[in-house]
Amino acid sequence: MRDLMQTIATCFEQVALFFPSGDPKIQKSFEQRAVYLDSRDYSREILADTLKEYHRNLGANSETLQMIEELRQKETLTVITGQQAGILTGPLYTLYKAMTTIQLAKEQREKLGRPVVPVFWIAGEDHDWQEIRETYILNSEGKPIPCLLPGDGGGESVGHQKVPDWETIEAQLVEMPDSEFRSSVLKECRQLTEQAENLTHWFALTLQWLVHKWGLIFFDPMIPEFKRLAAPMYEQILKMHADVREALAERTNRWVELGFNPQIQPTGGEVNLFLSVPERRAILYSAESFYLRGQKEPMDLDSLNELLAQAPEKFSPNVVTRPVIQEYLFPTLAYVPGPGELNYWAQLGGVFAKLGFAMPILFPRLSAVALTASWQKYLKKQGLTLADVNHGLQEQRNRLVREQDTLDIDDHFQRMREQIARGYAELKPLQEVHANVSDWLDRNEAKVKFQLDYLERKVWQAQRKRCSDVLSRLQQLEDGIVPNHSRQERVLNPFSFVMRYGLSFVDRVAEIPIGDFSEHQILL
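Below: a short report on this structure. Keep in mind that what you see is a predicted model, and the values were worked out from it rather than measured. (Residues numbered from 1 in each chain as written. Predicted model: local features only at pLDDT ≥ 70, side-chain atom pairs only at ≥ 80, totals over all residues. Heavy atoms only, no water.)

**Concerning a nonpolar patch on the surface**
Quick reminder of the rule: Only residues whose relative accessible area exceeds 30% and that take part in no salt bridge are eligible for patches, with like-charged residues grouped when within 9 Å of each other and nonpolar side chains (Val, Leu, Ile, Met, Phe, Trp, Tyr) grouped when within 5 Å. Here the open area of atoms and residues is found with the Shrake-Rupley method and a 1.4 Å probe, where only the protein chains shown may cover a residue. Salt bridge criterion: a side-chain nitrogen from Lys or Arg within 4 Å of a carboxyl oxygen from Asp or Glu. Labels follow the DSSP assignment, with helices taken as runs of H or I lasting at least four residues and strands as runs of E lasting at least two, numbered in each case from the N terminus. For every residue, the accessible area obtained with a 1.4 Å probe (protein chains only) is divided by the maximum for its type, and the residue is called buried under 20%, exposed over 50%, and partly exposed between those limits.
Taken together, the side chains of L427, L430 and V433 make up a nonpolar region of the molecular surface, amounting to roughly 270 Å² of accessible area. When you line up the elements, V433 lands in the loop between α19 (409-426) and α20 (437-466). On the basis of relative accessible area, V433 is assigned to the exposed category, the value being 67%.

**Observations regarding the sheet that holds strand β11 (residues 361-362)**
Here is the rule: At least two DSSP bridges between two strands are needed for those strands to be called paired.
The strand order across the open sheet formed by 5 strands is β5-β2-β1-β10-β11, and the pairing between neighbours is parallel. Two strands bound the open sheet, and with one partner strand each, they are β5 (217-219) and β11. Direction of pairing for strand β10 (residues 332-335) relative to β11: parallel, over a ladder of 2 bridges. Each residue of the ladder has a partner; that of A334, found in β11, is I361.

**Examining the sheet that holds strand β9 (residues 315-317)**
Strands pair in a sheet through their backbones, by hydrogen bonds, and they do so in one of two ways: parallel or antiparallel. Heads up, the condition is: The convention used is that axes are lines fitted to C-alpha atoms, helices contributing only their stretch in contact, and that angles between N-to-C directions extend from 0 to 180 degrees. By the convention used here, residues are in contact when the closest approach between their heavy atoms is within 4.5 Å.
Taken in spatial order, the 4 strands make up an open sheet running β8-β7-β6-β9, and their pairing is antiparallel. Edge positions in the sheet fall to β8 (289-292) and β9, since each of these pairs with one other strand and no more. Between one strand axis and the next, the sheet turns by 35° as a mean value, whatever way the strands run. With 4 bridges connecting them, strand β6 (residues 270-276) and strand β7 (residues 280-286) associate as antiparallel partners. Within β7, the position partnered with E270 by the bridge is L284. Across the sheet, helix α11 (residues 241-257) lies against β6, β7 and β8, angled at about 125° from β6, the strand it touches most.

**A few points about the packing of α19 against α20**
Operational definition: Any angle that is under 35 degrees is reported as roughly parallel, and any over 145 degrees as roughly antiparallel; angles of 65 to 115 degrees are reported as roughly perpendicular and all others as oblique. Each residue gets one label: Ala, Val, Leu, Ile, Met, Phe, Trp, Tyr, Cys and Pro are nonpolar, Asp, Glu, Lys and Arg are charged, and the others, such as Gly, are polar.
Relative to each other, α19 and α20 sit at 170°, their axes nearing to 11 Å. By the criterion of interaxial angle, the relationship of α19 to α20 is roughly antiparallel. Listed contacts from α20 to I409, D410, F413, M416, R417, I420, A421 and Y424 of α19 are L441, N444, E445, V448, L452, D453, L455, E456, V459, W460 and Q463. Here the contact of α19 with α20 is composed, by residue class, of 12 nonpolar, 2 polar and 5 charged.

**Some details on the state of the cysteines**
Convention followed: Count a disulfide wherever a pair of cysteine sulfur atoms falls within 2.5 Å.
For the structure on display, the rule yields 0 disulfides. Cysteine C147 shares no disulfide, and the gap to the nearest cysteine sulfur, in C189, comes to 9.9 Å. By relative accessible area, which is 1% here, C147 ends up buried. Here C189 falls in the buried class, since its relative accessible area comes to 3%.

Structure (structure tokens):
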């Protein structure tokens, strides 16, 4: 399958149909998008009033509150990103998304000469417990260890989930390395955890603390006022569910024809909305009736609309319609996705158009790998690159173990094999004694070779133990740079580095230039 990020970075025209608001590398795209947004109306006063109250509860700084006030002005635009409410903000890429959004909003504020504010949409409606229940933090030995939320989520939205006791979280962080920042960071984490009312609130408080000096507006879609604002769009989606499915299928087919792998795989009958009863269930359509997944009782459009009017908080969008709800609520200049999101957004252009909108500019988040000073030093010492580590270091392990072999282990075993071969060759004449001697010799020789192979493996195993220090250093490189054999930004939590370096780590992230869509290095 084709690499979408590479295609956007080098030959955007090949995928321009799927990203109708234009090339994110060209400023004209932003200027044209701003003109389009100026032609639309938004419920700015209700949006600003509700956001202001929510952020006072978060303890937001004056800069963020001023940005919320700016939303009242017709000329104010937004740059938005979003993510599930993970433990301690979840993986590193959450921080990278937030920082890209902050930097892009600042950049476009200057270039467009009008207010542009950064917004983080917290996916608190999501009920995918497996997606958020764990995160990984490097311990004092440099190994990734999990930090887990207790329970199974019960099928309810994350925004309804209680925050665990701080002691439950702290007990999983005891193996983190000591540093001058550890005590103060843990103290701050404890305060935020005890202050939080639910997992979404906890996420917002924690990420806000990390990026407080830049200012970031948080959006919790489960707040009742926001649900009421979005209700007309839910009604439209219910009415046009068949058109939405058709538009999604058409654009997806064209995406596949272009050589890309679709991220959204409909199974049939999706209305692309959820209903909480209280567990969150997908609404489906079949045989001219609506159903909830896993239930048999039919519903009609009138009953759904009546429920929507009475209790809009029970409704929520899925991956197909959440971007449209966002477009309905905010004057979205650009959305900042990760690679997977970028792929599924490419399938949504027809959905936007069918519902009367144009997709925002898609501006890929920054990608980075953090490198501690010790990792950098050892990479240089061994003549290794990040590409080497990404591909696996087994070859380097074998090389280093052999370089430490001062006894010529292989030569000794090769000579022994040659001696065995000569010895059994000398026994060949004994075949005249009995017809079975030849078979006995072959089987006996095979047993001796088997035992020699076993001995050789044990000797090399002992040799590797003698080299444990150098092998441990290589393992630390893999555990830190490609933890769990995956990209660092998708596994490790930001607190793996905030515990060691304090908020200066976030400062280093803020220094990364955005817009070239390549992987950067954060040298610590």
